[in-house]
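# What the coordinates show
In case you want the letters, here they are:
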Amino acid sequence: MFTDSFGFVLFFLLTLSMAVPLGAYMKRVYHGEKSLLDFMRPVEKWIIKISGTDPEKPMNWKQYLVALLTIQVVWVIPAFIILMLQGKLFLNPGHIPGMEWSLALNSASSFLTSTNLQHYAGETGASYLSQIGVFTFLQFVSAATSLAAGVAIVRGLTADPGTGVGNFFNDFLRSCTRILLPLSVIVAIIFMIGGMPMTFKGSHKIITLQGDTVNVARGPVASMIPIKELGSNGGGFFGANDAHPFENPLFATFVVHFIIVLLLPMAFIFFIGYYLNRKKFAWMLLGVMTAGLLMLTIPIVKEEAGGNPKITAIGIDQSAGNMEGKEVRFGVNYSAFYCAENVAIPAGTVASVHDSYMPLSATAMLIGMQVDAFFGGLGTGWINMFMYLIIAVFIGTLMIGRSPELFGKKISTKEMQVAVMVSVLQIFVPIALAAVACYIYVNKSGGGDTLGWLNNKGPHGFTTMLYEYVSSVAGNGSNFGGLGNNTIFWNLTTSIAMLSGRFVPITGSFMIIGLMKQKKFIPASLGTLQTDSATFGVFLFAIIIVLSVLSLFVIFMAGPIAEHFSLHT
């Protein structure tokens with residue numbers, strides 16, 4: 001345990017050492033300063049020319065948001081069509097048929113929103129054309145959209161009244177050409193050296209030692225996996241995701257997975273500090289997010305290392321921990337570490353089966369996804385933290401008898417209302433959809449078994465359905481394997497959850513920035529709440545816990561906590 005924990009700390013510190021200079025580089029990119037990849041400018045000019053956009057035109061928050069939302073339609077329609085028609089198109093050596101319409105809609109919405117919830121198995125459900133032209137493409141543009149939105153919110157905190165928040169097309173293009181694409185190329189090379197396949201050939205037929213004939217799926221894997229991690233996406237080329245040896249050939253590649261999942265969300269924190277010239281504020285955010293990550297990691301590792309008491313009771317040795325559903329190459333501890341990291345980001349990448357984790361581990365997973373700000377997704381993690389920040393500053397400033405203000409801009413009732421509404425919706429949507437699912441399951445004619453949804457009944461079954469919606473709203477995309485989710489009901493309702501969880505926080509944050517930019521700058525005084533202090537960091541952490549964790553406590557009692565007690569009786 002100690003050795004594995006030391007390894008996890010080492011990975012974290014290694015990521016931190018790379019995130020600081022990367023954050024400084026991102027500041028130069030988005031501030032229009034000279035940077036390492038300026039040689040990409042001719043490529044950017046060519047893309048701008050054929051797209052017909054004007055990247056130099058400043059946008060106000062409404063124009064930026066409209067551009068961001070409009071381009072999503074441009075991407076999702078052809079993605080939906082390709083998925084439905086993939087069986088009749090090229091790059092399909094496995095002769096995989098087209099997707100059913102609700103599955104195609106769900107899959108397109110999933111990758112568009114950077115959720116990457118997969119109601120299909122990659123090697124049997126998607127052609128090479130779909131894997132590259134739809135899923136890999138959407139993982140790039142969705143991550144770039146998240147990054148651009150986060151940058152615009154940061155820029156909005158520095159601009160004078162009446163000025164814009166930047167230009168969406170410029171921010172989006174630079175996110176692709178200066179950050180995501182170069183890093184993905186580097187990581188792809190590392191992965192190919194480690195043994196990850198990159199081929200357009202079909203499955204490979206082999207004969208096993210006992211004489212069985214097996215078709216081994218392969219494909220252009222190395223082109224997809226880097227952006228799934230770097231972009232906080234998580235959708236795997238194979239159904240087993242990072243537990244598949246072609247997505248994760250070695251322990252060395254597993255270490256790379258550990259680092260790149262966390263790298264850009266962490267670097268974005270330092271970008272905020274450099275861009276706003278508030279480095280102490282960035283370190284405060286890092287402290288809050290790291291504390292949140294530890295709050296998720298410790299109980300998950302502890303629960304999985306302790307094993308399942310029911311299995312121990314029948315005389316089976318569990319000195320290795322709860323190995324059910326774990327990646328045997330990496331063991332319980334590293335599997336649990338990776339689980340915690342990926343519910344915090346939330347990339348949703350898995351190297352083990354979350355359905356097999358202990359109940360209190362599931363509680364921590366749900367908390368991490370619901371908060372979605374303990375590092376959180378690339379760009380969107382900052383947006384969610386921004387909502388908590390507005391609420392914390394409003395409450396904290398009133399507690400000391402001052403007018404609420406953040407970075408020299410007063411926070412009024414309107415900004416508070418938007419932030420609270422977004423926070424409430426992030427909790428309400430998954431709970432409401434889970435309630436609908438439970439009602440249908442219980443009241444289905446002939447019983448819930450006729451639906452074929454759940455492999456496990458009782459509290460675990462409830463947790464399974466709740467997890468699906470919390471994961472969808474959070475943009476995580478992982479799920480419990482015991483849910484039969486490829487049905488019209490689950491495909492459509494999770495699409496609603498994913499679209500809500502993606503665009504409601506983005507829209508809310510832009511509305512708040514728009515309101516704040518109309519106000520005059522107020523210089524800091526001795527009575528100004530110090531938002532870069534450790535004291536405020538503790539207060540902000542407490543606000544996050546109260547808003548997100550305690551709001552779901554009753555729900556946890558009906559699901560994972562009830563299951564936990566059933567294992568100890």
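Below is a summary of the structure that appears in this document. (Residues numbered from 1 in each chain as written. Predicted model: local features only at pLDDT ≥ 70, side-chain atom pairs only at ≥ 80, totals over all residues. Heavy atoms only, no water.)

## Structural notes on the overall build of the protein
Scanning the protein from terminus to terminus reveals 20 helices and 4 strands. In terms of C-alpha radius of gyration, the protein reaches 23 Å, essentially the compact-globule figure of 25 Å for 569 residues. The principal-axis extents of the C-alpha atoms in the protein amount to approximately 75 × 60 × 50 Å. When contacts within the protein are restricted to residue pairs at least 6 apart in sequence, those whose partners lie at least 24 apart make up 76%. Of the roughly 22,400 Å² that the protein leaves accessible, carbon and sulfur atoms contribute 68%. If you average the places of the 33 positive and of the 28 negative side-chain charges in the protein, the two averages end up 12 Å apart. (Helix = DSSP H or I, 4+ residues; strand = E, 2+ residues; numbered from the N terminus. Rg over C-alpha atoms; globule rule 2.2 N^0.38 Å. Contact = heavy atoms within 4.5 Å. Areas by Shrake-Rupley, 256 points an atom, 1.4 Å probe, with all protein chains shown as cover. Lys, Arg positive; Asp, Glu negative; His and termini not counted. Charge placed at Lys NZ, Arg CZ, Asp CG, Glu CD.)

## Some details on the packing of aromatic side chains
Applying the stated criterion across every chain, the model contains 38 aromatic pairs. With centroids separated by 4.1 Å and ring planes inclined at 10°, the aromatic side chains of Phe254 and Phe330 adopt a geometry described as stacked. Placement of the pair is Phe254 in helix α9 (residues 251–276) and Phe330 in the loop between α11 (309–313) and α12 (331–344), with a sequence separation of 76 residues. Taking the relative accessible area as the measure of exposure, Phe254 reaches 0% and is therefore buried. Phe330 gets classed as buried once you look at its relative accessible area, which sits at 8%. (Phe/Tyr/Trp six-rings, centres within 6.5 Å; stacked < 30°, edge-to-face > 60°. Buried < 20%, exposed > 50% of the residue type's maximum accessible area, 1.4 Å probe, protein only.)

## A closer look at the side chain of Asp242
Tracing the chain through its elements places Asp242 in the loop between α8 (225–230) and α9. Within polar-contact distance, the side chain of Asp242 engages the side chain of His257 at 3.3 Å. At 2.5 Å, the side chain of Asp242 and the side chain of Tyr338 are in polar contact. When sequence neighbours within four positions are dropped, the list of residues in contact with Asp242 reads Lys228, Glu229, Glu247, Asn248, His257, Arg329, Tyr338, Thr349, Val350 and Ala351. (Polar contact = N/O pair within 3.5 Å; in protein donor to acceptor, adjacent residues only side chain to side chain.)

## Focus on unusual backbone geometry
A cis amide bond links Ile345 to the next residue, Pro346, at an omega of 0°. Of note, Pro346 is situated in the loop between α12 and α13 (359–371). Located in the positive-phi region is Leu91, a residue other than glycine, with phi close to 55°. Its location among the elements puts Leu91 in the loop between α3 (61–85) and α4 (101–112). The backbone of Phe407 shows a phi angle near 55°, a positive value even though the residue is not glycine. As for its placement among the helices and strands, Phe407 is situated in the loop between β3 (405–406) and β4 (409–410).

## Regarding helix α10 (residues 279–306)
Here α10 spans 40 Å end to end across 28 residues, near enough to the 40 Å set by a 1.5 Å rise per residue. Of the residues one or two after α10, Gly307 is the one with positive phi, at around 80°. (Expected span 1.5 Å × (residues − 1).)

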